[in-house]
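# Close look at the chain arrangement
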Amino acid sequence: TALPRHRTLRAALDWSHDLLPEAERLLLRRLAVFPAGFTLDAAVAVMADTGRSPAAVTDDVVNLVTKSLVMPDASDSGARWYLLETIREYALEKLAESGEQLSTARLHAEFFRAIVLPNTMEPISSLTMEDVNRHWSELDNIRAAIDWSFSPEGDAAVGVALVAAFAPVWIHLSLLGECRRRAEQALRMLGSNLQLT
């Protein structure tokens, strides 16, 4: 029932995907969990359970860039990449089909918990512009990690830690409404977990 151009795009994506070596297919579908793009460290993190070395993951990212399946983010001063939305949607379908969606979402959330926690334990006034810019570029990834954490399949403890750690950034960015909503969500999760024990 899809329009002819959509069927043609799907066929082109299937063809490109089928030509990839298995390691690159695996990486492509896992990179789909990053709505705000990713760094090499983030790509390595979501591949942590595969046995692929950081060097191999880096090579796979380079190969996907060469094949125009991953794009460099020219707006970011650091080394950062992203998937075009059409490719990301396709890769998310492949991730769901693979049965790796939950484990990849967990690796994604745990990666962001690990990078946000140490940098936000200081008072708000001590956040540097570099900290704020780095966290700003990850905002949608943090949101996705929290959404997964508080989902029925997620890990509420990871979500609570992310909300607590990221609160100074929301405040610094004047996103007070979001900070409040997320804090209330975390408190509800804490309350329901206390009732269960």
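Heads up: these notes are all about the structure in this document. (Residues numbered from 1 in each chain as written. Predicted model: local features only at pLDDT ≥ 70, side-chain atom pairs only at ≥ 80, totals over all residues. Heavy atoms only, no water.)

## Considering the layout of surface pockets
Considering only enclosed or pocket space, the second largest pocket measures out at about 210 Å³ in volume. Lining the second largest pocket are 14 residues, and of these Val33, Gln101, Ala105, Ala144 and Trp148 lie nearest its centre. Contributions of two or more residues to the lining of the second largest pocket are made by helix H5 (85-98), helix H6 (101-116) and helix H8 (139-149). For the lining of the second largest pocket, the element with the most residues is H6, which contributes four residues. Classifying every residue of the lining of the second largest pocket gives ten nonpolar, two polar and two charged. (1 Å grid on protein atoms, 1.4 Å probe; cavity = no way out; pocket = protein on both sides within 12 Å on 5 of 7 lines; lining within 4 Å. Points joined across faces, edges and corners; volume = space filled by probe spheres on them. Helix = DSSP H or I, 4+ residues; strand = E, 2+ residues; numbered from the N terminus. Nonpolar A, V, L, I, M, F, W, Y, C, P; charged D, E, K, R; others polar.)

## A word on empty space enclosed by the protein
Taken as a whole and judged by the stated rule, the model has one cavity of 30 Å³ or more. Considering the residues around the largest cavity, the lining is formed by Leu13, Ser16, His17, Leu20, Leu28, Leu69, Ile87 and Tyr90. The set of elements that each furnish at least two residues to the lining of the largest cavity consists of helix H1 (4-19) and H5. Of all the elements, H1 adds the most residues to the lining of the largest cavity, at three residues. Along the lines of polarity and charge, the residues of the lining of the largest cavity split into six nonpolar, two polar and no charged.

## Some remarks on the packing of helix H2 (residues 22-31) against helix H4 (residues 54-66)
Each packed pair of helices is defined by two parameters, the angle between the axes and the distance between the axes. Remark: H2 packs on H4, axes separated minimally by 10 Å, with the N-to-C direction vectors making an angle of 80°. Relative to H4, H2 is oriented roughly perpendicular. Seen from H2, the contacting residues are Ala23, Glu24, Leu27, Leu28 and Leu31; seen from H4, they are Val57, Asp60, Val61, Asn63 and Leu64. Classifying every residue of the contact of H2 with H4 by side-chain character gives seven nonpolar, one polar and two charged. (Axes fitted to C-alpha atoms, helices over the stretch in contact; angles between N-to-C directions. Parallel < 35°, antiparallel > 145°, perpendicular 65-115°, else oblique. Contact = heavy atoms within 4.5 Å.)

## Details of H5
Between its terminal C-alpha atoms H5 stretches 20 Å, which fits the 20 Å expected from 14 residues at 1.5 Å a residue. What H5 keeps buried is the set Ile87, Arg88, Tyr90, Ala91, Lys94 and Leu95. Buried residues of H5 fall within an arc of 160° about the axis and therefore sit on the same side. Positive phi shows up at Gly99, right after H5, with a value of about 80°. (Expected span 1.5 Å × (residues − 1). Buried < 20%, exposed > 50% of the residue type's maximum accessible area, 1.4 Å probe, protein only. Arc of directions from axis to C-beta.)

## Some points on the packing of aromatic side chains
How two aromatic rings sit relative to each other is set out by the distance from centre to centre and by the angle between their planes. Applying the stated criterion across every chain yields a total of five aromatic pairs. Judged by centre distance (5.7 Å) and plane angle (40°), the rings of Phe34 and Phe38 are tilted. Just as Phe34 is buried, Phe38 falls in that class too. Between Phe166 and Trp170, the ring centres sit 5.1 Å apart and the planes meet at 85°, which makes this aromatic pair edge-to-face. Of this pair, Phe166 and Trp170 both sit in helix H9 (residues 156-172), four residues apart, which is roughly one turn of the helix. Through a chain of ring-to-ring contacts, three or more aromatic side chains come together here, namely Phe34, Phe38, Trp81, Phe111 and Phe112. (Phe/Tyr/Trp six-rings, centres within 6.5 Å; stacked < 30°, edge-to-face > 60°.)

## Looking at the pattern of salt bridges
Using the criterion set out here, one finds 18 salt bridges in the structure. The salt bridge partner of Glu110 is Arg106, with a shortest N-O separation of 3.3 Å. Taken together, the residues span about one helical turn, with Glu110 and Arg106 both in helix H6 at a distance of four residues. Taking the relative accessible area as the measure of exposure, Arg106 reaches 29% and is therefore partly exposed. The partner of Arg180 in a salt bridge is Glu184, and the shortest N-O contact between them spans 2.9 Å. (Salt bridge = Lys/Arg side-chain N within 4 Å of Asp/Glu carboxyl O.)

## Section: the nonpolar core
Counting 52 residues, the largest nonpolar core has Leu28, Leu31, Phe34, Phe38, Leu64 and Leu83 as its most contacted members. Taken together, the elements giving at least two residues each to this core come down to H2, helix H3 (40-46), H4, H5, H6, H8, H9 and helix H10 (176-196). Tallying contributions element by element places H9 first for this core, with ten residues. When residues no more than four places from it in sequence are discounted, the contact partners of Leu83 are Leu28, Leu31, Ala32, Leu69, Val70, Arg88 and Ala91. (Core = buried A, V, L, I, M, F, W, Y, C linked by side-chain atoms within 4.5 Å.)

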